[in-house]
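Listed here are the chains, written in short residue letters.
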Amino acid sequence: DNDFNRNLRTNKLIPDNRVTEIPDFSSDFHTYRVDWLPNGFHFYIDKELIGEMFPPAGGFWELGGFDGENLWSSGTILAPFDQRFHFLINVAVGGNFFPDGCQNENYDKPWDASDPTQMKSFWESRENWLPTWNDETEDNTMQVDYIRVYGL
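Residue indices begin from 1 for each chain and proceed along its sequence in written order. Per-residue local features of the predicted model are confined to residues with pLDDT of at least 70, and side-chain atom pairs are confined, for both listing and counting, to 80 or more; whole-chain, interface and lining totals are unaffected and use all residues. With hydrogens and water excluded, all non-hydrogen atoms of the structure serve as input to the side-chain values.

Per an unreviewed UniProt entry, the protein is named Beta-1,3-glucan-binding protein, and its organism is Daphnia magna. UniProt positions are given in the numbering used here, feature names are shortened, and annotations may be inferred rather than shown by experiment. Turning to the protein, the UniProt annotation filed under Sequence similarities (unreviewed entry) states: "Belongs to the glycosyl hydrolase 16 family."

How would you explain the overall build of the protein if you had to name every residue and give the values?
Each helix is a run of H or I in the DSSP string that is no shorter than four residues. Each strand is a run of E no shorter than two, and both are numbered from the N terminus. Across its full length, the protein holds three helices and seven strands. When accessible area is computed with a 1.4 Å probe and restricted to protein chains, residues below 20% of their type maximum are described as buried, those above 50% as exposed, and intermediate ones as partly exposed. Every one of the 152 residues in the protein was classed for burial, and the buried ones make up 26%. In this description, contact between two residues means that some pair of their heavy atoms is separated by no more than 4.5 Å. By sequence separation, contacts in the protein at least 24 residues apart represent 34% of the contacts at least 6 residues apart. Here, Shrake-Rupley sampling with a 1.4 Å probe gives the accessible areas, and only protein chains in the shown set may cover a residue. Carbon and sulfur atoms form 51% of the exposed surface of the protein, whose accessible area is close to 11600 Å².

How would you explain the packing of aromatic side chains if you had to name every residue and give the values?
Between rings of Phe, Tyr and Trp, where Trp is taken as its six-membered ring, a pair exists when centres lie within 6.5 Å; planes separated by under 30 degrees are stacked, by over 60 edge-to-face, and by other angles tilted. Taken as a whole and assessed by the stated rule, the structure comprises 14 aromatic pairs. With a centroid separation of 5.2 Å and an interplanar angle of 80 degrees, the aromatic rings of F60 and F81 are classed as edge-to-face. Of this pair, F60 sits in helix α1 (residues 59-64) while F81 sits in the loop between α1 and β6 (103-104), and the two are 21 residues apart along the sequence. Of the aromatic side chains, those joined through ring pairs into one cluster are W36, F41, F43, F60, F81, F85 and F87. For a Lys NZ or an Arg CZ to count as sitting over a ring, it must be within 6 Å of the ring centre and within 35 degrees of the ring normal. Here R33 stacks its cationic end above the ring of Y44, 4.0 Å away from the centre of that ring.

Explain the pairing of strand β5 (residues 48-53) residue by residue, including any values.
In this analysis, strands are considered paired if DSSP registers two or more bridges between them. Where strand β4 (residues 40-45) and β5 come together, five bridges link them in antiparallel fashion. Residue Y44 lies in a different strand from β5, and its bridge partner there is L49. A loop of two residues connects β4 with β5, the two strands running antiparallel in sequence, and D46 in this loop sits at a positive phi of about 50 degrees.

Please give an account of the pairing of strand β3 (residues 32-37) that cites residues and values.
Walk down a regular strand and you will see the side chains alternate between the two sheet faces. Sheet analysis places β3 next to β4, joined by six bridges and oriented antiparallel. If you follow Y32 over to β4, its bridge partner there is I45. Remark: two residues form the turn of the hairpin made by β3 and β4, two consecutive strands paired antiparallel.

Okay, here's the thing in structure tokens:
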């Protein structure tokens, strides 16, 4: 199994951010869907609801635990997601999504959860993980077939 993480980025980790187990991402395309509602979001993979995000009365400012004056107080409860924004689709390295001690092939994960330089540790151990990537084909790339956006 692989993990999928959906995340609304506000420069702080939102407590409701969670990981859902789903079958192999590497062997087929999947459909990802976000329903952007007036008061929150629904997240789907292959038509299966995997999570939702409905901020409290103080919006994402309250949910994110930000200090000081609410910079988004003039917006709706969904601020800053009540305006145009860009999709970020990527394959990220590092983080604490993989527990310490997990392995790929016969090699331990090359960073610790407490490591402040996780990406550097990952790169410096490339002699272990790079051979597991099939660089002879496109099997080692993130492939996106299409992105559709509908106004509701």
